[in-house]
Amino acid sequence: MTNKEKYANIFCETLEIEADKLQGLQYQGTELWDSVGHMTLVANLEEAFDIMLDTDDIIDLSSFEKGMEILSKNYNIEF
């Protein structure tokens, strides 16, 4: 499984959405991506990629695409 597939699966499983809804998905753009869902998403990303996100990165993770940008730029995860 590629990092992009792993990343997408985390979003789909955590937020209980289909993969075709991921592009353009924003924070609070689906019912389960509220503040609690956000922290669950962060925890799942940290576990899957064996990283610890900085507070600023947690706050900045505002969309599906922004998350990939943060992980790529700040944690050297290639997509």
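Whatever comes next refers back to the structure up there.
Let me sum up the structure you'll find in this document. (Residues numbered from 1 in each chain as written. Predicted model: local features only at pLDDT ≥ 70, side-chain atom pairs only at ≥ 80, totals over all residues. Heavy atoms only, no water.)

### What about the packing of aromatic side chains?
Then, number 1: Enumeration according to the criterion identifies 7 aromatic pairs in this entry.
Then, number 2: Here Phe-11 and Trp-33 contribute two aromatic rings whose centre-to-centre distance is 5.5 Å and whose plane-to-plane angle is 85°, an arrangement assigned as edge-to-face. Of the two residues, Phe-11 sits in helix 1 (residues 3-15) while Trp-33 sits in the loop between helix 1 and helix 2 (35-49), which places them 22 residues apart along the sequence.
Then, number 3: The exposure class of Phe-11 is buried, given its relative accessible area of 0%.
Then, number 4: Taking the relative accessible area as the measure of exposure, Trp-33 reaches 0% and is therefore buried.
Then, number 5: A connected cluster of aromatic rings, assembled from ring pairs, spans Tyr-7, Phe-11, Tyr-27, Trp-33, Phe-49, Phe-64 and Phe-79. (Phe/Tyr/Trp six-rings, centres within 6.5 Å; stacked < 30°, edge-to-face > 60°. Helix = DSSP H or I, 4+ residues; strand = E, 2+ residues; numbered from the N terminus. Buried < 20%, exposed > 50% of the residue type's maximum accessible area, 1.4 Å probe, protein only.)

### Focus: the environment of Gly-29
Then, number 1: Examined against the element boundaries, Gly-29 turns out to sit in the loop between helix 1 and helix 2.
Then, number 2: A residue is classified by how much of its surface remains accessible, and Gly-29, at 53% relative accessible area, is exposed.
Then, number 3: Sequence separation between Gly-29 and Tyr-7 is 22 residues; the distance between their C-alpha atoms is 18 Å.

### Some details on the pattern of salt bridges
Then, number 1: With the rule as written, the count across this model stands at 1 salt bridge.
Then, number 2: In this structure, Glu-69 engages Lys-66 in a salt bridge whose closest nitrogen and oxygen atoms are separated by 3.2 Å. Remark: Lys-66 and Glu-69 occur in helix 4 (residues 64-75); sequence separation between them is 3 residues, near one turn of the helix.
Then, number 3: Owing to a relative accessible area of 26%, Lys-66 belongs among the partly exposed residues under this scheme. (Salt bridge = Lys/Arg side-chain N within 4 Å of Asp/Glu carboxyl O.)

These figures capture arrangement, not role.
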